[in-house]
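The lines below spell out each chain.
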Amino acid sequence: MHLPPIVRWATGIRWQWKVFIPIIAVLLLSVIAIASVLETLGIQESQIILLASVSFAILLCFVLLSVLLVLVELPLEDLMGTIARVRRGDLSARVSFAQRRDDIGQLGRQFNEMVEQLERNRGELEEFHRREMGRAEHLATLGELAAGLAHEIRNPLAGIAGVVDVMAKELPAESASRAVLGDVRNEILHIQNILTDLLSYARPRPPTFHPADLNVTIEQAVLLARQQVRTSPVKILFTTNPSLPPVTHDPALIQQVVLNLALNGIQAIPGEGAVDIAVTREGDQALIIVKDNGKGITPVALPKIFRPFFTTRKAGTGLGLSLASGIVQSHGGNIEASSILGQGTQFRIHLPLERPKSSLPGSAGPSAE
């Protein structure tokens, strides 16, 4: 916006001149008017009266300047100095004119209250940052410990599974122990799945990004999910979007997210039902919707479902949705959940169509349960 030169000059001069220029102009015009009246009336003492008028005008200007200096200039300098200290990070700075009982004092009190609030907020942020850093270090240590323990457990577990298989082959066909060994094998498989999820969470694989058809990626996950419901009354429905352009993503990781969300939906449906999966577009983002008509999630549990180790299922590890959230975030997207108890749950996954060239592939996340 281009301002006229006179306006730029007027906005650049100090406030004192802005105050006194009109006062001086009015006084000069008054003196000129008085001089004209005295000359018109032919008063002999006009020079004395004129000199007295000029002296009074100068005295009035001096008094006004002194009053403005005390009432306005000094508080302004104090305020500007305090603002400079606050800008440098000194939130203990306060203006000294807040004790005054006029509008300037009220301004000072409000300014001091604002700085006090900033100081409290900074203290709270620093305390929150310290807690989060401590929590991050604690989680990093636990992650390393968990990964090490998982490696140590998997080797003897594989040996136990081998022994169970040998025992199953050697037992007579009519032996009642065969059923027990089957249960043992299932429990071993459950432990192996938990260890796999734990390792994926502790040491996630970085995503490998490239443009690909998101419909094909999700279709592969749908085919795998349908294998899980071949003998179940639950249906897996998939709505493609042929007009969707290629999306920059890691197909294996996104398949993992969609498959696990679909399996969660299957497990949430006690009888007949359906899991609907759809792909659409919202602006510059692709949107994946996974919706089931199962028993839903309680309002108390819903905000916690993406936390590590939180689960509402007895057989769950509590890592699935946390891992899924990590994968989606590593793609520059986000995942949202909504649920109505008794009616079902819906997950919405937003993925950018293209990743910025300057962005680095973050740590891969997690796979859903």
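Residues numbered from 1 in each chain as written. Predicted model: local features only at pLDDT ≥ 70, side-chain atom pairs only at ≥ 80, totals over all residues. Heavy atoms only, no water.

## Things to note about the overall build of the protein
Scanning the protein for helices and strands turns up eight helices and seven strands. Each of the 369 residues in the protein was classed as buried or not, and the buried ones make up 34%. Excluding contacts between residues fewer than 6 apart, the proportion of contacts in the protein whose partners are at least 24 apart in sequence is 70%. (Helix = DSSP H or I, 4+ residues; strand = E, 2+ residues; numbered from the N terminus. Buried < 20%, exposed > 50% of the residue type's maximum accessible area, 1.4 Å probe, protein only. Contact = heavy atoms within 4.5 Å.)

## Describing the pairing of strand β7 (residues 344-352)
Most of β7 is tucked away: eight of the nine residues are buried. Bridging between strand β5 (residues 285-292) and β7 involves seven bridges; their strand directions are antiparallel. Along β7, the bridge assignment pairs Lys291 with Gln346. Note: strand β6 (residues 334-340) against β7, seven bridges, orientation antiparallel. Directly across from Ser338, in β7, lies its bridge partner Gln346. Taking the residues between adjacent antiparallel strands as the criterion, β6 and β7 are bridged by three residues, where Gly342 takes a positive phi near 90°. (Pairing = 2+ DSSP bridges.)

## Thoughts on the side chain of Ser339
Take Ser339: it is sitting in strand β6. Side chain to side chain, Ser339 and Thr345 meet in a polar contact 3.0 Å long. (Polar contact = N/O pair within 3.5 Å; in protein donor to acceptor, adjacent residues only side chain to side chain.)

## Considering the pattern of salt bridges
Close approach of charged atoms allows side chains with opposite charge to pair. Counting across every chain of the model gives seven salt bridges. The closest approach of N and O atoms between Arg94 and Glu119, which form a salt bridge, is 3.0 Å. With Arg94 in the loop between α3 (46-87) and α4 (103-170) and Glu119 in helix α4, this pair connects stretches of sequence that are 25 residues apart. Look at Arg94 and you get partly exposed, because its relative accessible area is 26%. (Salt bridge = Lys/Arg side-chain N within 4 Å of Asp/Glu carboxyl O.)

## As for helix α7 (residues 251-268)
With 18 residues, α7 should cover 26 Å at 1.5 Å per step; its first-to-last C-alpha distance of 26 Å lies within 8% of that length. Two to three positions downstream of the cap, the backbone nitrogen of Ala252 sits 3.1 Å from a side-chain oxygen, assigning the N-cap of α7 to Asp250. (Expected span 1.5 Å × (residues − 1).)

## A few points about the packing of α7 against helix α8 (residues 320-330)
Across the interface, α7 lies against α8 with an axial gap of 10 Å and an inter-helix angle of 145°. Both α7 and α8 take part in a crossing whose hand is left-handed. Across the interface between the two elements, Leu253, Ile254, Gln256, Val257, Leu261 and Asn264 of α7 pack against Leu321, Ala324, Ile327 and Val328 of α8. Here the residues of the contact of α7 with α8 sort into eight nonpolar, two polar and no charged. (Axes fitted to C-alpha atoms, helices over the stretch in contact; angles between N-to-C directions. Left-handed = near helix turned anticlockwise from the far one by under 90°. Nonpolar A, V, L, I, M, F, W, Y, C, P; charged D, E, K, R; others polar.)

## Observations concerning a nonpolar patch on the surface
Judged by side-chain polarity, Leu145, Leu149, Ile153 and Ile191 come together as a nonpolar surface patch covering roughly 340 Å² of accessible area. By residue number, the principal contributor to the nonpolar patch is α4, which donates three residues. Looking at where Leu145 falls in the secondary structure, it is placed in helix α4. (Patch = residues over 30% accessible without salt bridge, like charges linked within 9 Å, V, L, I, M, F, W, Y side chains within 5 Å. Areas by Shrake-Rupley, 256 points an atom, 1.4 Å probe, with all protein chains shown as cover.)

## A few points about the environment of Arg226
Checked against the element boundaries, Arg226 lands in helix α6 (residues 214-228). Arg226 sits 36 residues away from Ala262 along the chain, and the two C-alpha atoms are 9.4 Å apart. The residues touching Arg226, leaving out its near neighbours within four places in the chain, are Ile236, Leu237 and Phe238.

## Some points on the packing of aromatic side chains
Going through the model one piece at a time under the given rule, you end up with one aromatic pair. Measuring from ring centre to ring centre gives 6.4 Å for Phe306 and Phe347, while their planes differ by 80°; the resulting arrangement is edge-to-face. Placement of Phe306 in the loop between β5 and α8 and of Phe347 in strand β7 is noted, with a sequence separation of 41 residues between them. A relative accessible area of 23% means that Phe306 is categorised as partly exposed. (Phe/Tyr/Trp six-rings, centres within 6.5 Å; stacked < 30°, edge-to-face > 60°.)

## Quick look at the confidence of the model for the protein
Confidence along the protein averages 79 in pLDDT terms, with 75% of residues attaining 70 or more. The secondary-structure element of the protein with the lowest mean pLDDT is helix α1 (residues 5-12), recorded at 45, while β7 shows the highest, at 95. Across residues 6-13, confidence stays below pLDDT 50; counting only partners more than four residues off in sequence or on other chains, it has five contacts. Across residues 360-369, where pLDDT falls below 50, the model places 56 contacts with residues more than four positions away in sequence or in other chains. (pLDDT = per-residue confidence, 0-100.)

## Details of the sheet that holds β5
Here five strands make up an open sheet; going across it, the order is β2-β4-β5-β7-β6 and the pairing mixed. The sheet is open, and its two borders are formed by β2 (234-239) and β6, each paired with just one other strand. Strand-to-strand twist in this sheet, taken as the mean axis angle between neighbours without regard to direction, amounts to 15°. Packing against the sheet, α8 makes contact with β6 and β7, and its axis sits at approximately 25° to β7.

## Here we look at the packing of α6 against α7
It is at 8 Å that the axes of α6 and α7 come closest, and there the two elements cross at 40°. The pairing of α6 with α7 is recorded here as oblique in orientation. Remark: the crossing between α6 and α7 carries right-handed chirality. Every residue of α7 that contacts α6 at Leu214, Thr217, Ile218, Gln220, Ala221, Leu224, Ala225 and Gln228 is listed here: Pro251, Ile254, Gln255, Val258, Leu259, Ala262, Leu263 and Ile266. Here the contact of α6 with α7 is composed, by residue class, of 12 nonpolar, four polar and no charged. (Parallel < 35°, antiparallel > 145°, perpendicular 65-115°, else oblique.)

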